[in-house]
Amino acid sequence: MIDLSRHAGSSMAVFGLGRSGISASLALAAGGGEVSAWDDDPAQRRHAAELGVTLNDLYRIEWEGFRSLVLSPGVPLTHPAPHPLVARALAAKIEILGDMELFARSRPQGRVVGVTGTNGKSTTAALITHLLRAAGLDVQLGGNIGTPVLDLDPMEDDGIYVLELSSFQLDLIRSLVSDVAVLLNVSPDHIERHGDFSSYIASKTRIFSRRASTQTSVIGIDDDVCRRIHAELAGRRGRSIIPVSVQRRVAGGVYVLDGVLIDETAKKPFEVADLSKVKSLLGVHNWQNAAAAYAAVRALGFDGQSVMKAFKSFPGLVHRQEVIARIGKVIFVNDSKATNAAAAARGLACYDNIYWIAGGRAKEGGIATLSPHFPRMAHVFLIGEAAGAFAQTLDGRVRYTVCGDMDKAVAAAAEKALTERRPHPVVLLSPACASFDQFNDFEDRGNRFKDLVQAEKKRWDTENTKSTTQVQPKKGKRGADMKKPAPKKSAAKKAPAKKKAVPKKAAVKKAPAKKKAVPKKVAAKKAPAKKKAAPKKAVAKKAPAKKKAVPKKAAVKKTPAKKKAAPKKAAVKKAPAKKKAAPKKAAVKKTPAKKKAVPKKAVAKKAPAKKKAVPKKAVAKKAPAKKKAAPKKVAAKKAPARKKAVPKKVAVKKAPAKKKAAPKKASAKKR
C-alpha cells in the first residue's frame, strides 16, 4: 500500500466505493486521515463496511471540515451533469481529486510509465510490464487495470510503476508527471461523460506534461487526432518523442511492416521481432500495442535486444481477444473490453465467418462505422439497450437475431455456429457498447460470457460422448454379431467341439485340401468327377416329385442343429421324420431299426458342400444321367465307417467292404 501519511489528520470525503474508492479510503485511514465514505448503492456500502471502511452519509453531514473530495472515476464530474455531491463540493470550494492524484502527491520512489488511448491501453500496459520483467526489473502494474494504484507497494529508485490511465482518471489528476507517457490512439468515446469529442481529446492529452521535463512521449500516429498532437508536441523545445506506426515507415521511430517490428530510433533500422508469429498479439491493432510497448522500454533506456525474445512469451490479457474454448470446430473469443465501435473493429478484422454478439449501452455513432466488416459476419446476436438501434443498422445487410440477454445470445450463437458448418467459425463477444445496462463492468460481462461458453462446452462434450458410446457394440456381443451372418459356419465350428461334426467340417473347408475326410470328401470329389453321386440325390430328386423328399433335407439340417453330426444318431432321430419317405427307400424305413441312416449320411456329406453352389442339388440334376454308376462308390467308402450300414444303403454296390449289402442294392435299383 502507498504511504499517504502526508494526509494524516486531514478530514477527507470519499464518494464512490468501487475498487479505487475502497482502496483510497483504506490508504487514507492507514496514513492517519479522517475518512467519511459513502456510495449511493447500499450493496457497495455493505461490501465496503465489511472491509473496514468508515461510512458516513455525505448527503446529511456538514462539509465545512473536509479538505478534499476523493471521487471515484465512474462518478460524473461534468456531464451529462455533475453528480449532486460534486456540485456540493464545488459550491463549498473543496478540491476534487482522484486516487491517481493522491499517488502523485505521495510520489513514491521509482519511475512511472503512464499509458492511455481510446483502445489498447490495457494490453500495452501489460506488455510493457512483461517486457521489463523479462529484463529482470522490479515492476508493478496498476491503475485502471487490475490493482488500484494505492494498493501497489512502495519500491526503490530502480523500481518502475506501469499505470493504465482512463480519461476519467486523467480528469482528476493535477500533478502526476509520468517519466514515459504513452498515447496510442484517439477516437470518439465516452462522449456522454465529456460532452463532446474535443473535451474527450483534452482529457487524453492531460497525460503529457504541460511544462518542460525529462518526460519522453510515445505517440501512435496512425489517426488524425494523434498526428496533430504529435505535431504540436514536436514543436516544443526539450521534448523527447518517439512516433509509432503500423501503417508506414517512420524515421526516428518504431514501426511495423508486414508484421515485423522495426526499431529506427537509432541511425540504423533494427528488426526486433516477427509479430505475426506471436499468437497473443493477433491483429494489426495488437501490433500497434507491441510497437508502443517496445518504444516505452527503449525510452526507459533499455536495449531492445534484451527484451526482443519476451514478445513470444506474452500470454495476453483476459477480456481482450481472449480465446475461451473450442467446441467442435468453433472458437469462442471474449473481447468484452471492446466497449466502442473502434475497439470492436479491431477484433472483427481478425476473423472471418463471425457469429458476433454485440450490444449493451450504446456509444455515440453506434455501429455504422463497422459496415466494412459486415461481409465477415455470418450472423449477429444482439443484446442490451442497443439491440433495437443496431438491428436497424443491420437490417437487409446482415442476418441478425435480437436475443436480449447474454444467456440467450450465447446459446443461439453456439447452435448456429455448430450446425451451419462454415470454415473456421468464430463466436465473438465484442459488444461495441458499455456494459452498465446489464452488468457491473466489462469484466463482469466477460466473465458471464466465459461461464456460459464453458457450460455449452460441457453439454456438447457430454452429448458427443454419449452418441459415440451408443454407436459402439456392447462388450461381449461382437463375437455373436459376427456369427449371425453365417449360421452354417457356426455349426461347423461347434461340431469339432463334440468331435462328431468333423466329417462335415472336413467336407466344408478341408475337402479340397485334405483327402482324409474320406467319408465326405470322397463322395464330394467323386460325385462331381464321375457325376455318379446322383443315386443318393436321385432319391432326393424323386422326393420333390412326390413332394416328400423335403423331410430328408430338413432332417439333414436339423442334425447340426441338434449338435449330433454323427451319422448314426442323426439317422436314428430323423427316421421317424422320414416315415413319409418310404416310397423312395423301403430300406430307409428299416434304418431306424438298425440305426444306420446311411442314405442320410450321404445327404449330410453333401450338405456342407452346399456352401459352394449347393452340391446336393447339382448332383440331383446329374443323377438322372447315371442312376447306376454312383451307388457302388458311395457305399464303398462309407462302409468302412460302419460295416453294417451297407445292407440298408440301396445304392451301396461297394458292399465289397460288406458282402451282405449287395442284395439291398438290388432292391434299390428296383426303386
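Cut-off values and rules
- Residues numbered from 1 in each chain as written.
- Predicted model: local features only at pLDDT ≥ 70, side-chain atom pairs only at ≥ 80, totals over all residues.
- Heavy atoms only, no water.
- Helix = DSSP H or I, 4+ residues; strand = E, 2+ residues; numbered from the N terminus.
- Buried < 20%, exposed > 50% of the residue type's maximum accessible area, 1.4 Å probe, protein only.
- Contact = heavy atoms within 4.5 Å.
- Areas by Shrake-Rupley, 256 points an atom, 1.4 Å probe, with all protein chains shown as cover.
- Salt bridge = Lys/Arg side-chain N within 4 Å of Asp/Glu carboxyl O.
- Phe/Tyr/Trp six-rings, centres within 6.5 Å; stacked < 30°, edge-to-face > 60°.
- Lys NZ or Arg CZ within 6 Å of the ring centre and 35° of its normal.
- Pairing = 2+ DSSP bridges.
- Axes fitted to C-alpha atoms, helices over the stretch in contact; angles between N-to-C directions.
- Parallel < 35°, antiparallel > 145°, perpendicular 65-115°, else oblique.
- Left-handed = near helix turned anticlockwise from the far one by under 90°.
- Nonpolar A, V, L, I, M, F, W, Y, C, P; charged D, E, K, R; others polar.
- pLDDT = per-residue confidence, 0-100.

S.K.: I'm lost on the overall build of the chain in this one. Help?
M.R.: Within the chain, the regular secondary structure consists of 26 helices and 21 strands. Scored against the burial criterion, the 671 residues of the chain give a buried share of 51%. Across the chain, contacts joining residues at least 24 apart in sequence account for 65% of those joining residues at least 6 apart. Summed over all atoms, the accessible surface of the chain reaches about 31,500 Å², with 54% contributed by carbon and sulfur.

S.K.: Can you walk me through the side chain of Ser435 in this structure?
M.R.: Along the chain, the position of Ser435 falls in the loop between strand E21 (433-434) and helix H14 (442-471). If sequence neighbours within four positions are ignored, Ser435 has contacts with Asn440, Asp441, Phe442 and Arg445.

S.K.: Would you explain the pattern of salt bridges in this entry?
M.R.: Side-chain pairing between opposite charges can occur once the charged atoms of the two side chains come close. Inspection of the entire model under this criterion finds 20 salt bridges. In this structure, Arg105 and Glu101 form a salt bridge, with 2.9 Å as the shortest nitrogen-oxygen distance. Within this pair, Arg105 and its partner Glu101 are both found in helix H4 (residues 99-106), separated by four residues, close to a single helical turn. Given a relative accessible area of 21%, Arg105 falls into the partly exposed group.

S.K.: Could you clarify how one ought to interpret the packing of aromatic side chains in this entry?
M.R.: To describe a pair of aromatic rings, you give the distance between the ring centres and the angle between the ring planes. One pass over the full model with this rule turns up three aromatic pairs. Where Phe197 meets Tyr200, the ring centres are 6.3 Å apart and the plane angle is 20°; that geometry is what we call stacked. Taken as a pair, Phe197 and Tyr200 lie in helix H8 (residues 197-205) at a separation of three residues, close to a single helical turn. The ring of Phe442 has Lys337 sitting right over it, with the charged end atom 5.3 Å from the ring centre.

S.K.: Just checking my understanding: could you explain the pairing of strand E9 (residues 216-220) for this structure?
M.R.: A regular strand places its side chains on the two faces of the sheet in alternate fashion. Of all five residues that make up E9, five are buried, and the element is covered over most of its length. Note that strand E8 (residues 180-183) and E9 share four bridges and pair parallel. By the bridge assignment for E9, Val180 is matched with Thr216. Where E9 and strand E10 (residues 240-245) come together, five bridges link them in parallel fashion.

S.K.: I keep staring at the packing of helix H5 (residues 121-134) against helix H10 (residues 284-299) and nothing clicks. Help me out?
M.R.: Geometrically, a packed helix pair is captured by the angle between its two axes and the distance between the axes. H10 packs onto H5 with a crossing angle of 45° between their chain directions and a minimal axis gap of 9 Å. The angle between the axes of H5 and H10 places the two elements in the oblique class. For the pair H5 and H10, the sense of crossing is right-handed. From H5, Thr123, Thr124, Leu127, Ile128, Leu131 and Leu132 reach across to H10, where they touch Asn286, Asn289, Ala290, Ala292, Ala293, Tyr294, Ala296 and Val297. Here the contact of H5 with H10 is built from residues that sort into 10 nonpolar, four polar and no charged.

S.K.: Teacher, can you tell me more about the sheet that holds strand E7 (residues 160-164) here?
M.R.: Strand pairing in a sheet relies on backbone hydrogen bonds, with the paired strands running either antiparallel or parallel. Reading across from one edge, E6-E7-E5-E8-E9-E10-E11-E12-E13 is the order of the nine strands in this open sheet, with mixed pairing throughout. With partners counted over all chains shown, the strands left at the sheet margins are strand E6 (139-143) and strand E13 (270-274), one partner each. Across the sheet, the axes of successive neighbouring strands diverge by a mean angle of 20°, strand direction being ignored. Strand direction decides the pairing type here: E10 and strand E11 (residues 254-257), joined by two bridges, are parallel. Bridging across to E11, Val244 finds its partner in Val254. On the sheet, H10 packs against E8, E9, E10, E11, strand E12 (260-263) and E13 and is oriented at approximately 160° with respect to E10.

S.K.: Would you explain the confidence of the model for the chain in this entry?
M.R.: The predicted coordinates should not be examined in detail at positions where pLDDT is low. Scored by pLDDT, the chain has a mean of 76; 69% of the residues are at 70 or more. Within the model, pLDDT remains below 50 along residues 475-671, and this stretch shows 264 contacts once partners closer than five positions in the same chain are excluded.

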